[in-house]
Amino acid sequence: MNLRYKLLVMTAALASVAMAQEGYVPEVRIEARAVYQHDSDDKDNSGFRGQYLNLVVNGTIGSHVTYCYRQRLNRTSLSASFFDATDMLYIAYTPTRLLTLSMGKNALDIGGYEYDAAPIDVYYASEFWHNFSCYQWGAAACLNLGKGTDRLKLQVTQSPFRSLYKQANMFAYNLVWSGRHGVFHPLWSVNMLEWAPGEFISYVALGTELALGRVRLQLDLMNRADIRHRLWQDDWSVVGRVTYTPIDALDLSVKCNHDTNRSGLASDIAVVDSTDMTRVSMDIEYFPLRHARDIRIHTSVAYSFGTYGGGVMRDRQLLVNVGVTWKMNLLHPFANIKRHASHEKE
């Protein structure tokens, strides 16, 4: 870890302790994942390694403002910008229960449960997931509808493809609906992204979860198209996952994803033309702490097959990932400190 990251962690910890002593208690934690991985196609991608090391800070300023910051401490910036290794850095203002306004760096909102999960909680994923740069600078307005059962979010961000053209003024426009209606949990979006200056590709992403007690069923459907594509025929992805929780400390999951692009066009940069790949995987996750999931021990096995288009997934590739994920709360001694009296008056 270089000097600026060490200074960052120390400054965040000291500032947070000071705020905690004043009664303002932000959440400050370090997240890490260490693994042993086997890759049948790449010996350099096998062996013991650290995969994630994140600094996370969440908190409030007064009664209407929240903030979030997450930095990848294990990622070396490839450019002069420190923010290349920043996943999230945004501030949100909620003037009423119905409306939240936010600005900063955040995930570009696209429907689907695989895409929505934090990277540290994903072991093996679809071709689209691997090739899409999701964290972008932008602004958003979110409407909280009904009795908190639905959220409608309009977001404008920089395009994730702008770096290919060294063009800052390329944008993405995103509209997302998320809801909770009994067992039915939709996470749907329509998106329009500038893949080249003045040229757009559209996404329709329909993520649906059915929460059936100790069983969760997730199905993500995505179509990608410019004006020349045939809808749901040329360029699409599907991800299905079933998770069973026999006891609170154990999750068993089976997942299958398929990505295909037969468009003959260059507009889809995330899943390139001539890709037709499938991956099946199985995850076992054990949480040894009785009342928290701050430690997770996992085993994940995945096998991919199909027509290789030049992306991440390869034909007849076997992957095995065994490891542990843990979250370290830097303010644990202050977790039970009551908030400042001024908070109680607001």
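By convention here, each chain's residues receive numbers from 1 onward along its written sequence. In keeping with the predicted nature of the model, local features appear solely for residues at pLDDT of at least 70, side-chain atom pairs appear and are counted solely at 80 or more, and the whole-chain, interface and lining totals rest on all residues. No hydrogens and no water enter the side-chain calculation; it runs on all heavy atoms of the structure.

1. Some words on the overall build of the chain
- A run of H or I in DSSP counts as a helix once it spans at least four residues, and a run of E counts as a strand once it spans at least two, with each numbered from the N terminus. Counting its regular elements, the chain contains four helices and 16 strands.
- Any two residues whose heavy atoms approach within 4.5 Å at even a single point are treated as in contact. When contacts within the chain are restricted to residue pairs at least 6 apart in sequence, those whose partners lie at least 24 apart make up 53%.

2. A few points about a nonpolar patch on the surface
- On the surface, Leu-143, Leu-145, Leu-152, Leu-154, Leu-175 and Val-190 cluster together to form a nonpolar patch covering roughly 460 Å² of accessible area.
- Taken together, the elements giving at least two residues each to the nonpolar patch come down to β6 (135-145) and β7 (150-158).
- Summarising the element assignment, Val-190 is placed in strand β9 (residues 184-196). For patch detection, residues must exceed 30% relative accessible area and be free of salt bridges, and they are connected within 9 Å for like charges or within 5 Å for nonpolar side chains (Val, Leu, Ile, Met, Phe, Trp, Tyr). Computed with the Shrake-Rupley method and a 1.4 Å probe, the accessible areas treat only the protein chains shown as cover for residues. When a carboxyl oxygen of Asp or Glu is within 4 Å of a side-chain nitrogen of Lys or Arg, the pair counts as a salt bridge.

3. What about the pattern of salt bridges?
- For the structure shown, the criterion picks out 14 salt bridges.
- The shortest N-O distance in the salt bridge between Glu-114 and Lys-255 comes to 2.8 Å. Taken together, the positions of Glu-114 in helix α2 (residues 113-116) and Lys-255 in strand β13 (residues 250-261) put the pair 141 residues apart, joining distant regions of the chain. The pair Glu-114 / Lys-255 is uniform in exposure class, with both members buried.
- One salt bridge connects Glu-285 with Arg-296, and the closest N-O pair in it is separated by 3.8 Å. Here Arg-296 lies in strand β15 (residues 295-307) and Glu-285 lies in strand β14 (residues 275-286), a separation of eleven residues in the sequence.
- Whether a residue is buried, partly exposed or exposed follows from its accessible area with a 1.4 Å probe, protein chains only, as a fraction of its type maximum: under 20%, in between, or over 50%, in that order. For Glu-285, a relative accessible area of 6% translates into the label buried.
- Salt bridges linked by common partners bring Glu-27, Arg-29 and Glu-31 together as one network.

4. Quick notes on the nonpolar core
- Core analysis: the biggest nonpolar cluster contains 20 residues, and Leu-108, Ile-110, Tyr-115, Phe-128, Phe-132, Leu-193 and Tyr-203 have the highest contact counts within it.
- Among the secondary structure elements, those contributing two or more residues to this core are β9 and β10 (199-212).
- Ranked by size, the runner-up nonpolar core spans seven residues in total, among them Ile-30, Leu-55, Val-57 and Leu-331. Only buried Ala, Val, Leu, Ile, Met, Phe, Trp, Tyr and Cys residues count toward a nonpolar core, and they belong to the same one when joined by side-chain atoms within 4.5 Å.

5. Topic: the packing of aromatic side chains
- Stacked, tilted and edge-to-face pairs are distinguished by plane angle, under 30 degrees for stacked and over 60 for edge-to-face with tilted covering the rest, among Phe, Tyr and Trp rings (Trp via its six-membered ring) whose centres lie within 6.5 Å. Summed over all chains, the structure comprises twelve aromatic pairs.
- Each ring, one from Tyr-173 and one from Phe-200, has its centre 6.4 Å from the other, and the planes form 40°; the classification is tilted. Taken together, the residues span a long stretch of sequence, with Tyr-173 in strand β8 (residues 171-179) and Phe-200 in strand β10 at a distance of 27 residues.
- A relative accessible area of 34% means that Tyr-173 is categorised as partly exposed.
- Residue classification places Phe-200 among the partly exposed residues on the basis of a relative accessible area of 29%.
- Among the aromatic side chains, those forming a connected cluster through ring pairs are Tyr-115, Phe-128, Phe-132, Phe-161 and Tyr-203.
- For a lysine, the NZ atom is tested; for an arginine, the CZ atom; a charge sits over a ring if that atom is within 6 Å of the ring centre and within 35 degrees of the ring normal. For Arg-293, the ring lying beneath its charged end belongs to Phe-287, and the centroid distance is 3.8 Å.

6. Observations concerning the confidence of the model for the chain
- Per-residue confidence for the chain gives a mean pLDDT of 89, with 87% of residues at or over 70.
- The predictor's confidence in any single residue is recorded as pLDDT, a number from 0 to 100. The low-confidence segment residues 334-346 (pLDDT under 50) makes 21 contacts with residues lying over four places distant or belonging to another chain.

7. Side note on the environment of Asp-220
- The residue Asp-220 is located in strand β11 (residues 215-225) in this model.
- In this structure Asp-220 comes out as buried when scored by relative accessible area, which is 9%.
- Distance from Asp-220 to Ser-237, taken between C-alpha atoms, is 8.0 Å for residues 17 residues apart in sequence.
- Not counting chain neighbours up to four residues away, the residues in contact with Asp-220 comprise Gly-112, Tyr-113, Glu-114, Leu-206, Gly-207, Thr-208, Ser-237, Val-238 and Val-239.
- Pairing of N or O atoms within 3.5 Å defines a polar contact, subject to two protein rules: one partner must be a possible hydrogen donor and the other a possible acceptor, and residues neighboring in sequence count only if both atoms are side-chain atoms. A polar atom in the side chain of Asp-220 sits 2.9 Å from the backbone nitrogen of Glu-114.

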